[in-house]
Every structure is written in structure tokens, then in C-alpha cells.
Amino acid sequence: MAKAKAAAAASSGGKGKAKKKWSKGKVKDKAQHAVTLDKPTYERILKEVPTFRFVSQSILIERLKINGSLARVAIRHLAKEGQIKKIVHHGAQLIYTRATAAE
């Protein structure tokens with residue numbers, strides 16, 4: 001009798017535990033970045049970006065809440081005016097820094 005109870009308990013496979021439920025995962029909110037350049041944003045770019053120690057496309061997107069293509073255009077514009085200078089020009093990532101007065 002005792003052997004039958006032990007065999008039944010072993011074959012049940014722990015029915016007492018609930019089966020693990022998989023989470024749906026965390027959903028990230030879609031970013032609402034500007035896709036057109038308005039006057040306040042343009043003035044903010046001209047004023048703030050030349051003071052950044054490290055300027056890249058991702059930094060501008062994060063801080064100014066603008067689209068990636070706008071960030072690339074803004075970087076090119078500031079570099080052309082000489083307000084920022086190039087450090088690395090990689091195919092995917094453009095890295096600039098502020099232009100110092102000594103140079």
C-alpha cells in the first residue's frame with residue numbers, strides 16, 4: 001500500500017505548482033520627436049549645441065527631441081559654420097565636439 005502511494009506521488013509530477021506564465025514583455029512608448037524644424041527649436045540648436053562637450057546625432061535626438069534626419073542636418077549646418085569640429089566621421093555615427101576659441 002505504501003509503495004502504491006509513493007508511486008502515485010512520484011508520477012503526479014508536482015501538480016500543486018502552477019505553470020509559469022510568460023510575461024508580455026515591457027512595451028516602450030513611441031517617441032514623439034519633431035519632424036520639422038520650427039523657429040524655437042532652430043534657435044535652441046544654435047544656442048545650446050555649440051556648448052555641448054560631445055555632439056552626436058543620438059545626443060541631439062535625446063536632448064532636443066528631434067528626428068534623426070533633423071539632427072544630421074543640424075550637425076552639418078553647425079560644422080559648416082565652424083561652431084563645432086569633427087572628431088570621428090564614421091559611416092553610421094558622426095561625432096563632434098565644441099570648437100574652442102584657442103584653435
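Preceding this paragraph is the structure being described.
Residues numbered from 1 in each chain as written. Predicted model: local features only at pLDDT ≥ 70, side-chain atom pairs only at ≥ 80, totals over all residues. Heavy atoms only, no water.

**Q** I tried to follow the packing of aromatic side chains on my own but got confused; where do I start?
**A** In this description, a pair of aromatic rings is defined by centroid distance and the angle of the planes. All told, the structure shown has zero aromatic pairs when counted by the stated rule. Sitting over the face of the ring of tryptophan 22, lysine 20 holds its NZ or CZ atom 4.6 Å from the ring centroid. We note arginine 63 situated over the ring of phenylalanine 52; from NZ or CZ to the ring centre the distance is 4.4 Å. (Phe/Tyr/Trp six-rings, centres within 6.5 Å; stacked < 30°, edge-to-face > 60°. Lys NZ or Arg CZ within 6 Å of the ring centre and 35° of its normal.)

**Q** Where do I start with the side chain of serine 56 in this structure?
**A** Note that serine 56 resides in strand S1 (residues 55-56). The exposure class assigned to serine 56 is buried, which follows from its relative accessible area of 0%. A distance of 3.1 Å separates polar atoms of two side chains, one belonging to serine 56 and the other to serine 58. (Helix = DSSP H or I, 4+ residues; strand = E, 2+ residues; numbered from the N terminus. Buried < 20%, exposed > 50% of the residue type's maximum accessible area, 1.4 Å probe, protein only. Polar contact = N/O pair within 3.5 Å; in protein donor to acceptor, adjacent residues only side chain to side chain.)

**Q** How should helix H4 (residues 68-81) be read in this particular structure?
**A** Think of an α-helix as 3.6 residues a turn; residues three or four steps apart then line up on the same face. Under the 1.5 Å per step criterion, the end-to-end length of H4 is 20 Å for 14 residues, consistent within 8% with the ideal 20 Å. Those residues of H4 lying buried are Gly68, Leu70, Ala71, Ala74, Ile75 and Leu78. For H4, the arc enclosing every buried residue in end-on projection is 150 degrees, short of the 170-degree limit, so these residues lie on one face. Opposite the packed face of H4, turned more than 90 degrees from it, sit the exposed residues Arg76 and Lys80. Contacts from the buried residues of H4 go to helix H2 (39-48), S1, helix H3 (57-64), strand S2 (84-89) and strand S3 (94-98). At the N-terminal boundary of H4, the capping side chain belongs to asparagine 67, with an oxygen 3.2 Å from the backbone nitrogen of serine 69. (Expected span 1.5 Å × (residues − 1). Arc of directions from axis to C-beta. Contact = heavy atoms within 4.5 Å.)

What is shown is where atoms sit, not what they do.
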